Amino acid sequence: MAASCHYLLSSPFTSGLPLKTTRTTTTKTRPPPFPKAPIIIASSARPLRAAVIGGGPAGASAAEALALGGIETYLIERAPSGSKPCGGAIPLCMLSEFDLPSSLVDRRVTRMRVLSPSNRAADFGRSLRPHEHIPMLRREVLDAFLRRRATDAGARLLPGLFTSIRLPLSDSDPYLVHYTASPSTPGSLAGTPSALAVDVVIGADGANSRVARSISAGDYTTAIAFQERIRLPPAGMSRYEDLAEMYVGADVSPDFYAWVFPKCDHVAVGTGTSAAKPDIKRLQAAIRARAGPKIAGGEVIRVEAHPIPEHPRPRRVVGRAALVGDAAGYVTRCSGEGIYFAAKSGRMCGEAIVRAWKERGVVTEADLKTAYLRKWDEEYRGMFRFLDLLQQVFYGSNAGREALVELCADEYVQRMTFESYLYKRMARGDWRKDLGLAWRTIGSLVRAGVMGWEVDRLKGIGADSS
C-alpha cells in the first residue's frame, strides 16, 4: 500500500485546517475525484495529519500520543462538557501508568460487597495490601483532564458533531472528515458544516460509532447501561465512604449486574443488560428496591443511559483508519470495565502511528494491524476470553450467581481477582490452590443450584399470589 504521508500538492484539501462548506439545495451528485498530483514522501514541510473522533479516554489518550509524537492532530468531540453513564471504577495501575493526579479520585474503595439473588453478601477487601484500593471517579472530570492534557501536548480540540468520512479514492488521497461545528469551535459559526482533510483517522466515538459505519467495520451487539446519580443524606453517604456494592440476580439484570458506586457527593445506582433492553426501567426499579433503605431519602440529580459493546468488532483497522475504546468493542463482559482499556487502546494506537511515521516515513494498514492490533490482541485477548467464560458460567442463572457470591468470599479468589484487576495482568496462582479452587467451584455450583432453584420457586409463588 502506498504511504499515507503522500501529499497532493495541487489538491484543495492539502491543508489540515477545517474547511467551511455551505448548504445547497441542488441535486446531490457524486463528488469529483481528487486531482492527480506529484507524490512527496515524508515531507518535512508538513507533518502527518490525524483526526481523532471522540474525546473520551480513548480519543483523548490517542490525541495526546499523536501530538507528543509531532503529528498534526485534530480532536473532534461532540460534547466537551457532557458525561457518560459509567460506574467510574478504574484499576489502581492506571493512576501511575497514565500519570493521573490524586485530585481526580472521588473515593478510594477498600470494600467491595457482592450480593447474591438471595441477598447473601460476600465482602471483598480482606486480601488488599495497605496501599491498595479501587479508585472511583467521575467520567466528566477524567475526560476533561485527559482532553486538556492532549491540547497542552499540541492537539487542536474541535467541538462539533462528526457526521461522515469521504474515503480516499486512492492510497495517496486524504480522508475528508465532515463535522458540524459547535458554538465553541474557534472561527466557526454554530451549526456550520465543516470538513477536515487528514491522512489517518482514529475512531473513538463509542459503541454507536459513526466512524465504524463509515469504514464498514462490521456490526456487533451492544448492551445498555442505565444509571441514576443520587445525592444521599450525610448519614447515607458516610456508609459509602469506602464501600461499593454489586448486586446480581435475574431481578436486577438477566445477564449482568447492578451497582451502587460512591462518588464525591452522591452515589451512582445503575444496571446493565443486553438481553432485556426494553425492560431496563423495570430492572432499575429492582436495584433501587434491593438497595432499599441504604439509599432512602436520596435525591436523583441526574439520569443517564448509554450503549456499551458486548465484544470486539469484526474489523478494527480498515485502510488508514483504526477504532479504539468502545468503538472497537473493548469492554469486558463479566465486569463491564472499559475506562482503562479505552485509554490503553487509544494510546497504543497513537504510538503505533507515531512509530511508523518516524521509522519509515509512512503509515499503512499493515502498520496499524501489526503495531496496534497484534500488540493489543497478544496482551489482552486472553483476558477478555477468560472473562467471557466467567460470565457464561456464573451470570446465566440464579444458581450460577449464588455460586459466584459464595466463591467471592474465598480469600484466594479475592487475591487472584485483585491481582488481575488492579494491575491488569493475568495473575499466576499456586497450582495446588488452583486445583482446590476448582473443586470448591464445582461444590459451589452444586449447592447454589439447589439455592438458586429455591429462590426462583419462591419468587414464582410470590408473583402468583400477587
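Chemist: Sorry if this is basic, but what is going on with the overall build of the protein here?
Modeler: Counting secondary structure elements, the protein contains eleven helices and 18 strands. When contacts within the protein are restricted to residue pairs at least 6 apart in sequence, long-range pairs at least 24 apart make up 74% of them. Put simply, the protein shows about 20100 Å² of open surface, and 57% of that area lies on carbon and sulfur atoms.

Chemist: Help me understand the nonpolar core in this model?
Modeler: Looking at soluble globular proteins, one finds that nonpolar side chains tend to be buried together. Of all hydrophobic cores here, the largest spans 105 residues; its most connected members are Leu100, Val177, Leu196, Val201, Ile353 and Tyr372. Considering every element that reaches this core, the biggest residue donor is helix α7 (residues 339-360), with twelve residues. Other than its neighbours up to four places away in sequence, isoleucine 353 contacts Leu48, Leu66, Val200, Ile202, Val363 and Leu368. Leu232, Val260, Ile287 and Ala291 belong to the second largest nonpolar core, which has 16 residues in total.

Chemist: Hey, could you run me through empty space enclosed by the protein in this one?
Modeler: Space left empty within the atom packing is revealed by a probe, the size of a water molecule, rolled over the atoms. As enumerated under the stated definition, the model contains two cavities of 30 Å³ or more in all. In this structure, the largest cavity encloses a volume near 40 Å³. Every residue lining the largest cavity is listed: Ala223, Asp255, Phe256, Gly272, Thr273, Ser274, Ile308, Glu310 and Gln391. Elements supplying a minimum of two residues to the lining of the largest cavity: β14 (253-262) and β15 (267-273). Partitioned by chemical class, the residues of the lining of the largest cavity number three nonpolar, four polar and two charged. When its volume is computed, the second largest cavity comes out at roughly 40 Å³. For the lining of the second largest cavity, a count of residues per class yields four nonpolar, two polar and two charged.

Chemist: Is there a simple way to think about the sheet that holds strand β12 (residues 222-231) in this case?
Modeler: Remark on secondary structure: sheet strands pair via backbone hydrogen bonds, oriented parallel or antiparallel. Across the sheet, which stays open at both edges, the seven strands sit in the order β6-β5-β13-β14-β15-β12-β16 with mixed pairing between neighbours. The sheet is open, and its two borders are formed by β6 (121-124) and β16 (299-309), each paired with just one other strand. Between one strand axis and the next, the sheet turns by 15° as a mean value, whatever way the strands run. Sheet topology note: the strand β5 (residues 111-115)/β6 ladder contains four bridges and is antiparallel. The residue of β6 that forms the bridge with valine 114 is alanine 122.

Chemist: Just to check I follow, could you spell out the pairing of β14 for this structure?
Modeler: The side chains of a regular strand alternate, first on one face of the sheet and then on the other. β14 sits mainly inside the fold: nine of its ten residues count as buried. Bridging between strand β13 (residues 243-249) and β14 involves four bridges; their strand directions are antiparallel. Residue tyrosine 247 lies in a different strand from β14, and its bridge partner there is alanine 258. With antiparallel pairing between neighbouring strands as the criterion, β13 and β14 make up a hairpin whose turn holds three residues. Relative to β15, β14 is paired through five bridges, and the arrangement is antiparallel. For phenylalanine 261, the partnering residue across the bridge sits in β15 and is alanine 268. Hairpin connection, β14 to β15: the antiparallel pair is bridged by four residues.

Chemist: Looking at this model, I keep getting lost on helix α3 (residues 139-153). Mind explaining?
Modeler: Two residues of an α-helix separated by three or four positions point the same way, owing to the 3.6 residues in each turn. Counted at 1.5 Å a residue, the expected span for α3 with its 15 residues is 21 Å, and the 21 Å between its end C-alpha atoms agrees. Those residues of α3 that sit buried are Arg139, Glu140, Leu142, Asp143, Phe145, Leu146, Arg147, Arg149 and Ala150. Against the buried residues of α3 lie α1 (57-68), β3 (72-77), β8 (156-166), β12, β16 and α7. Looking one or two residues beyond α3, the residue adopting positive phi is glycine 154, at roughly 125°.

Chemist: Got a minute to help me understand the pattern of salt bridges in this structure?
Modeler: Opposite charge on two side chains permits them to pair, given that their charged atoms come into close proximity. Following the criterion strictly, the structure yields 28 salt bridges and no others. Between aspartate 265 and arginine 231 there is a salt bridge whose closest N-O contact spans 3.4 Å. Of the two residues, aspartate 265 sits in the loop between β14 and β15 while arginine 231 sits in strand β12, which places them 34 residues apart along the sequence.

Chemist: Mind showing me how you'd approach the environment of isoleucine 353 here?
Modeler: Relative to the helices and strands, isoleucine 353 resides in helix α7. Residue classification places isoleucine 353 among the buried residues on the basis of a relative accessible area of 1%. As a C-alpha pair, isoleucine 353 and leucine 66 span 287 residues in sequence and 7.5 Å in three-dimensional space.

Chemist: Got a minute to help me understand the packing of aromatic side chains in this structure?
Modeler: Two numbers describe a pair of aromatic rings. These are the distance of the centres and the angle of the planes. Across all of its chains, the model carries eleven aromatic pairs by this definition. Where tryptophan 376 meets tyrosine 380, the ring centres are 4.6 Å apart and the plane angle is 45°; that geometry is what we call tilted. Within this pair, tryptophan 376 and its partner tyrosine 380 are both found in helix α8 (residues 365-394), separated by four residues, close to a single helical turn. With relative accessibility at 1%, the residue tyrosine 380 sits in the buried group. Grouped by ring-pair contacts, the aromatic residues Phe98, Tyr330, Tyr340, Phe341, Trp376, Tyr380 and Phe384 constitute a single cluster. The side chain of arginine 313 reaches across the aromatic face of tyrosine 220, ending 3.9 Å from its centre. Just above the ring of tyrosine 340 sits the side chain of lysine 424; from NZ or CZ to the centre is 5.9 Å.

What counts and what doesn't
- Residues numbered from 1 in each chain as written.
- Predicted model: local features only at pLDDT ≥ 70, side-chain atom pairs only at ≥ 80, totals over all residues.
- Heavy atoms only, no water.
- Helix = DSSP H or I, 4+ residues; strand = E, 2+ residues; numbered from the N terminus.
- Contact = heavy atoms within 4.5 Å.
- Areas by Shrake-Rupley, 256 points an atom, 1.4 Å probe, with all protein chains shown as cover.
- Core = buried A, V, L, I, M, F, W, Y, C linked by side-chain atoms within 4.5 Å.
- Buried < 20%, exposed > 50% of the residue type's maximum accessible area, 1.4 Å probe, protein only.
- 1 Å grid on protein atoms, 1.4 Å probe; cavity = no way out; pocket = protein on both sides within 12 Å on 5 of 7 lines; lining within 4 Å.
- Points joined across faces, edges and corners; volume = space filled by probe spheres on them.
- Nonpolar A, V, L, I, M, F, W, Y, C, P; charged D, E, K, R; others polar.
- Pairing = 2+ DSSP bridges.
- Axes fitted to C-alpha atoms, helices over the stretch in contact; angles between N-to-C directions.
- Expected span 1.5 Å × (residues − 1).
- Salt bridge = Lys/Arg side-chain N within 4 Å of Asp/Glu carboxyl O.
- Phe/Tyr/Trp six-rings, centres within 6.5 Å; stacked < 30°, edge-to-face > 60°.
- Lys NZ or Arg CZ within 6 Å of the ring centre and 35° of its normal.

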